[in-house]
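# Fold and contact review
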Amino acid sequence: MRQLTPHNFKIDLHSANRPLLTLTNPSSHTFCVHPISPNVVRITHSLPTSSPRTTRPIVYETPDATFVPTLNVLPPGTAADIRTGPLRVRVSWSDSPKLEWYYEERLTGGPDEGDTGDTLETANDAIGPAVTATTIVDEGSSVADRTPFASDIKMRAYAYDNESGSVWHYTKREMYLPLHEDEDPSAPVYGVPAERDEYVYGLGETAGPLCKNGKSYKLEARDSLAYGFDGGAPLYKVTPFYTVYKKSSDLWYGMYYNNLTDTTFDFGAEVDVIWGSFRTYCASSGPLDYYLILGPTLPDVLTSYAALTSPTPTLPHPISASAVLPPLSQFGYLASSLALAEEKNAANSIVEFVRRNREEGFPIDALYLSSGWCQNEETGNREYWIWNTARYPSPKQFGRTLENELGVQLIANVKPWLLDSHPFYEEVASLSGFVRAAPDAEGDPRRMGPEGQAKHHLWSSGFGCYDSGSALDFSSAAAQSWWGVVIRESLLENNVTGVWDDNNEFSYLLDTEEGYIGESGPWSSAVFPAQHATLEGRLGWRGGPTRVGAVGRAVQTAGMNKATFDALLEAAPDRRPVVVSRSAVPGSQAFAHASWSGDNATSWKALRASIAMTLSTGISFGPGLWGHDIGGFAGQHSPSPELLVRWCQHGLFHTRFTVHSWKTISTTLFMYPSVTAILRSILVFRYRLAPSLYSLYITQYHRRGHPVLRPLLWHHARSDSATLLMDEEFLFGSHVLVAPVTIKGARSRKFYLPGGADDLGVEEPAWWCEWDTGFWHAPMEGNGQIVELDAPLERLLILVRAGGILLLGGACERTIRDGRSSRYAFIFPPPHSAHNRTSSGRFTLIEDDGESNAHTTSGAYAELEVSFAVAGDGEEVQVAVDVVHAGWKEVEWQIIPSHMLMAEDQAFANREEVYNYWQGLVDKHDIRPSIRYQTTFVGSEWIEKEQHHVVELRDASGETFSVVADVLISAAGPLNTPNIPKLPGIEAFNGVAFHSSQWNPDISLKGKRVAVVGNGSTGIQVNYCYPSIVKFAFAWIPGLQRLYRAYIFFSWEGKSFVSGASWLGKLLRQRSEKALVEYLRSTAPIEYHKDLTPNYPLGAKRVAWDAGWLQSLHRDNVELVSSEIVAVNKDGIVTKDGKEHKLDVIVWATGFDISGEGVGLNKGVKGQNGRELRQYWESLGGPEAYLAVAVPKWPNYFIVIGPNAVSASWGYTIGNQTRFIARLVGSLVKNNLTSLVPRLEPFEAHNRFLQSHFTDTVYRANVRSWYKYKGMGKVVAPSGFSGTQLWWRTRSIVWNDWIAVGRRAGEKGGLLQVVDVAAVRRKRAAVKLLLASVPLAAILATALGPWGQPLLERIQRLTGVDLAAHLREAGRAVKGLLGR
């Protein structure tokens, strides 16, 4: 090695198409500084073209036209300042180039005010907008007293070796000398020395700790089976990008080295006192080409880096990691096993493996088909693209069974080479599809084949086994075309969905003088050329023959991924491609969505160290679908039950969940019966996480470059510096902390809870809630704390920070699509004990079809923002779901926290939740186009001749119009007309007044004088919230919620006896009254006991649910006024005792008018005789109906919650009545009827029975109640039945109680006639029974010979079927069967 340093640079102002600052020297070195955005600057050092090692040319980006950086040259012309806005770069070249970077906290567009100087002549042909170069007098003083956040070392920063082509970059780092005698940077700590200021992270998938301070790493992709975690040895991927955090200034910046040759990063392992404290980057071949990326936050750095290495984004998002998304299925369980694919009867074994998984309760979405599918039976070598038909007799049927019948996608393993013995080898060699041999290999058959291809030692069959072959050159157009053909013919045509690009590190290209044809760059997608144009220009070598050593082996990784990606999309343009790649480089994610940590070991050490690897990969913009081989891939043993459980718990939150192994006994989720139930619960939770995983992948990774799994420092570095060194727990999104157990035998876990968060105020602490218990951890005086929690084998420690939302889907049995119909948002407002309960949270949910490319190509997706906010004093939580993008409508949202519907959160659904529930039903059944909004019912008239209603309506403008309806259903409900008292002066009130059912959310009650008038159920019911532990139990204990709902139902069923007149009812009522009075007196203030104690029997009025109203009477600002209200004036309410109560707000919680307007659309509804229904009911002394749904003389008019409809549960009653009405309407269609109406006699008998039934019940008590007509009349609201009795009475239609009318078929005019539906149904049932018995009768008749002929003739007359003709042949067979 000859390390030299370039000198004698001068500024070049006249080079065409130059970057903003170009320096050259007499030795033909070129040094350029090229700002491309306010936060990103590119620096290059190109070696002389006379160097023996040809280096790739550099293509510079064109900055956006709105970005105008400035260049100020300082006297005597050996330094300059470049300003981009937030950045000032001091470039000096009096000796060797040196850069210093300053963060300007205010954006600047030019020199500081007061700067003076003379303008130098400059050519305006720089890349991008024209710039002005200015000489600044004594400008150095403006930065001399400031410390740069980044700086080169002097003299040696840009060293090079002209013979090898190697380049270096030396930068300053923090002083490394120890700060005190106890300092040990390698020891795990829960805190960092206050004096330490600089922390380095990144390089992607690397071994060792998350923080890279003092470490050294080689980036040379290797097939690193069972790798270790102690050193910086090369692994599978190449990510030459790292970030630095400056704690004192809370500033992040990144360094991206745009070079894929073999490189070394030294972050302080090497020390040399002459050069001070430094970091080193070395690439085996130049040019030196790097980007400095200013944050100032870590997410900012990641997004800018991702933008450099991703296709052109789809606006308005900052980036697009890929032009298309991965399928939803790739977020499910992806099974695999090397041994399984090699079994003798592998096809059947794999099918049975999938079925066994599902029998054991494990859903499964895809299966990685290891290389046994193409293994030669005789040699054991892998012959990719040629199926082993001994193991897979019919590949097409095998694929059809897995993909079509079982719904499991197949992803086949392929490798980027062919052995010499492969049947396709000579074909590809003749196409020049292999990497070219080095010039000096000519004549050596061990190094060069007859077509000029390079020969390599390639893996063939087992551990340490290799054979001679050649590697494909994916820069060859012929190789790419051939690759597409074999993918289509060998895989796609055999119903295989995806391709697994394996062993694509190309580490076998050991000779750097071997060559690439260079006909196509590795990032130039043929399917999306426009999106990849900039990416190809930046990362590729722009075509042309080149050496392996000049551009690196790793470019072939991207080329292979691109060729696979293009092949799949060309075959199925609208289907999301499934490409999985073991190796990766910057830009690979544009083609291969998925990857993993390679062939890890089955060990506890590998499990523990994998967390840091996950986090390092994430904060380096590694592959978006990423995880580990769960259980460990390599090792001559299987994972123990404990290790398998802990590894599954760790892998649960990763975007890729795969169990894969290379063992005699394959690792499976059902291999240990002792832990199968635990593993099943883990996978159930994994599948329920699918909406969160998918949404975070799109909104965070795909659009921003941010990881789904994050180190604690991502959200806590500024507020809690202790998180800077933590890498054994992680965050899922922003608020969910996961602390896996990674120590053998451990049944508890110590971990760190940050005391603050960067998104909170300085004084606002972070509260953490245990997901499975609901226990809240309070911060320790605003600081973080070490906690130790029990962690039995079945428990994964998950905590959610206050302000978080965890969104889950429904349960899945087969695949991830099973859970798409349900979404559950678990929100975490701060606990009541928190000092500051003002909080909010939000989560963005993405929904699409999960299969097609319509999401990215045409915007076919739905984006919903789920949010909550704690209002007032923390007693109210407002929840919302806002539609951000409505490009996909196959999504249904139901927010129903009601235990009688879909209990998740509260005991009762509020108005908004029920409203949203109905909105969801409307969209689900697509009836919105048929709904007339802002339309008032005026009246209706039944037209007997036409057998329909003419309904008159009024729109918002006041115009009336008519529609025809065959059936008219009143679903207005009984509680639809607010009952506001008619009090003198009520219109004179100057404050705000409204009924509780018409609550105005814009009115703030804080600091107001408020009167709530009424203490019935409308006035005192508030919503009871279930504790977190109850909500968790509902979600995770199968059947518990249904059992609880059944308990609620039968509890109310029992209460129906309380209102009865039987001895049991009286006994229950007496005991209940006593218990309730005792509860009231123990809860309410003593001075209110008399006023609150009812003077009527329990049940005579509606029984109200107290969930805090009585307790609230103890508050200092609450007064119960029992004196009668006599008037309202402009200032408030006047009561009978003469007091005037001054008020700002009056809330009329006075219930509804149910006896008059309240029951159905009774006003204006005219029946057969033209009589109005309301008048008819007046004549009866109150509303009556048959079974609460219909009235004689009013055909095809049905009422939901009609007279005497309500049983113990309103919700149950509505459901029951709706089903009965649906059955009636359905019978109209099924029986070709035109109308149905109840007969008068059963109608009268039913209502006589009801009223007699009420005679001795509490409903007849001498008390005013809306249960009665006009308060004191006959009972019109309760049914008098329990819910079970109501169901029994409406379980079927008693046709003798109904008049059914139809039209005579075939007669002129279709005359009307009464249809005896009961007789028709009996005849229909008889025919069905007869037809069902025909085969037996035919066999019997045939067997009887001539004595059976009359029976056959009888059957023919009844059914029209000539069985004798059809069954003669069958008869012979039957006779033979009977021995005749």
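Residues numbered from 1 in each chain as written. Predicted model: local features only at pLDDT ≥ 70, side-chain atom pairs only at ≥ 80, totals over all residues. Heavy atoms only, no water.

## Things to note about the overall build of the chain
Per the secondary structure count, the chain includes 30 helices and 60 strands. Counting the 1380 residues in the chain, one finds 56% classified as buried. Total accessible area on the chain stands at roughly 59100 Å², and carbon and sulfur atoms take up 53% of it. (Helix = DSSP H or I, 4+ residues; strand = E, 2+ residues; numbered from the N terminus. Buried < 20%, exposed > 50% of the residue type's maximum accessible area, 1.4 Å probe, protein only. Areas by Shrake-Rupley, 256 points an atom, 1.4 Å probe, with all protein chains shown as cover.)

## Considerations on the packing of aromatic side chains
Inspection of the entire model under this criterion finds 48 aromatic pairs. Their ring planes at 65 degrees and their centres at 5.9 Å tell us that Tyr 170 and Phe 278 sit as a pair that is edge-to-face. Of this pair, Tyr 170 sits in strand S11 (residues 167–172) while Phe 278 sits in strand S17 (residues 278–283), and the two are 108 residues apart along the sequence. Ring geometry for Tyr 1176 against Trp 1194: centres 5.3 Å apart, planes inclined by 35 degrees, an arrangement best described as tilted. Of the two residues, Tyr 1176 sits in helix H23 (residues 1173–1179) while Trp 1194 sits in the loop between H23 and strand S57 (1197–1199), which places them 18 residues apart along the sequence. Given a relative accessible area of 1%, Trp 1194 falls into the buried group. Three or more aromatic residues joined by ring pairs make a cluster, and in this case those are Phe 241, Tyr 256, Tyr 291, Tyr 305, Phe 331, Phe 621, Tyr 694, Tyr 697 and Tyr 701. Arg 680 extends its terminal NZ or CZ atom over the ring of Phe 362, reaching a point 5.8 Å from the ring centre. (Phe/Tyr/Trp six-rings, centres within 6.5 Å; stacked < 30°, edge-to-face > 60°. Lys NZ or Arg CZ within 6 Å of the ring centre and 35° of its normal.)

## What to know about the packing of helix H12 (residues 676–688) against helix H13 (residues 690–704)
Their axes nearest at 4 Å, the elements H12 and H13 cross at an angle of 45 degrees. Taken together, H12 and H13 sit at an angle that is classed as oblique. On H13, the residues that touch Arg 686, Tyr 687 and Arg 688 of H12 are Ala 690, Pro 691 and Leu 693. For the contact of H12 with H13, a count of residues per class yields four nonpolar, no polar and two charged. (Axes fitted to C-alpha atoms, helices over the stretch in contact; angles between N-to-C directions. Parallel < 35°, antiparallel > 145°, perpendicular 65-115°, else oblique. Contact = heavy atoms within 4.5 Å. Nonpolar A, V, L, I, M, F, W, Y, C, P; charged D, E, K, R; others polar.)

## Overview of helix H25 (residues 1240–1253)
For H25, which comprises 14 residues, the first-to-last C-alpha distance of 20 Å matches the rise-based estimate of 20 Å (1.5 Å per residue) to within 8%. Buried residues along H25 sit against H23 and helix H26 (1283–1289). (Expected span 1.5 Å × (residues − 1).)

## Observations concerning the pairing of strand S25 (residues 498–501)
Of the two faces of S25, the one lined by Gly 498 and Trp 500 and the one lined by Val 499 and Asp 501 are each fully buried. As defined by bridge partners, strand S21 (residues 409–414) adjoins S25 across four bridges and the pair is classed as parallel. Its bridge partner being in S25, Asn 413 is matched across the sheet by Trp 500. The pairing of S25 with strand S28 (residues 579–581) spans three bridges and is classified as parallel. For Asp 501, the partnering residue across the bridge sits in S28 and is Ser 581. (Pairing = 2+ DSSP bridges.)

## Digging into the pattern of salt bridges
The tally for this structure, following the rule as stated, stands at 48 salt bridges. Here Glu 863 ties to Arg 703 by a salt bridge, and the two come within 3.1 Å at their closest N and O atoms. Taken together, the residues Glu 863 in strand S44 (residues 862–871) and Arg 703 in helix H13 connect sequence positions 160 residues apart. Assigned by exposure class, Glu 863 and Arg 703 land together as buried. As a salt-bridge pair, Glu 1184 and Lys 1274 come within 2.4 Å of each other at their nearest N and O atoms. Taken as a pair, Glu 1184 in the loop between H23 and S57 and Lys 1274 in the loop between H25 and H26 lie far apart in primary sequence, 90 residues in all. (Salt bridge = Lys/Arg side-chain N within 4 Å of Asp/Glu carboxyl O.)

## Comments concerning a nonpolar patch on the surface
Together, Met 155, Val 273, Ile 274 and Trp 275 give the surface a local cluster of nonpolar side chains, amounting to about 440 Å² of exposed area. Given the relative accessible area of 31%, Trp 275 is considered partly exposed. (Patch = residues over 30% accessible without salt bridge, like charges linked within 9 Å, V, L, I, M, F, W, Y side chains within 5 Å.)

## Observations regarding the sheet that holds strand S35 (residues 736–739)
Taken in spatial order, the six strands line up as S33-S34-S35-S40-S37-S38 in an open sheet, and their pairing is antiparallel. Of all the strands in the sheet, just strand S33 (709–710) and strand S38 (776–777) have a single pairing partner and so form its edges. In the sheet, strand S34 (residues 730–732) pairs with S35 via three bridges, with the strands oriented antiparallel. What sits directly across from Phe 730, in S35, is Val 738.

## Quick notes on the environment of Val 1317
Tracing the backbone through its elements, the reader meets Val 1317 in helix H27 (residues 1317–1344). What makes Val 1317 buried here is its relative accessible area of 2%. Residues Val 1317 and Asn 1296 lie 21 residues apart in sequence; the distance between their C-alpha atoms is 8.5 Å. Apart from residues lying up to four places away in sequence, Val 1317 is in contact with Asn 1231, Leu 1233, Trp 1295 and Ala 1300.

## A short note on the packing of helix H3 (residues 346–359) against helix H4 (residues 395–405)
Relative to each other, H3 and H4 sit at 5 degrees, their axes nearing to 11 Å. Here H3 is positioned roughly parallel relative to H4, judged by the angle of their axes. Listed contacts from H4 to Ala 347, Ile 350, Val 351 and Val 354 of H3 are Phe 398, Thr 401 and Leu 402. Considering only residue class, the contact of H3 with H4 consists of six nonpolar, one polar and no charged.

## Things to note about the sheet that holds strand S51 (residues 1010–1013)
Taking strand neighbours across the sheet as the criterion, the three strands line up as S50-S55-S51 in an open arrangement whose pairing is parallel. The open sheet has two edge strands, strand S50 (992–995) and S51, and neither has a second partner. Strand after strand, the sheet turns through a mean of 15 degrees between neighbouring axes, direction not considered. When S51 meets strand S55 (residues 1145–1148), the two strands line up parallel, connected through four bridges. Note that in S55 the partner of Val 1012 across the bridge is Val 1147.

## Looking at unusual backbone geometry
A cis amide bond links Pro 75 to the next residue, Pro 76, at an omega of 5 degrees. Looking at where Pro 76 falls in the secondary structure, it is placed in the loop between strand S5 (70–74) and strand S6 (79–83). Pro 287 follows Gly 286 through a cis peptide bond whose omega is 5 degrees. Looking at the element boundaries, Pro 287 is found in the loop between S17 and strand S18 (288–294). With phi around 60 degrees, Asn 8 is a residue other than glycine that occupies positive phi space. Position of Asn 8 among the secondary structure elements: in the segment before strand S1 (10–11).

## A closer look at the confidence of the model for the chain
Interpretation of the predicted coordinates at a detailed level should be avoided for regions scoring low in pLDDT. The predicted model of the chain averages 85 in pLDDT, with 83% of residues at 70 or higher. When the criterion is pLDDT under 50, residues 106–125 qualifies, and its contacts beyond four places in sequence or with other chains add up to 44 contacts. (pLDDT = per-residue confidence, 0-100.)

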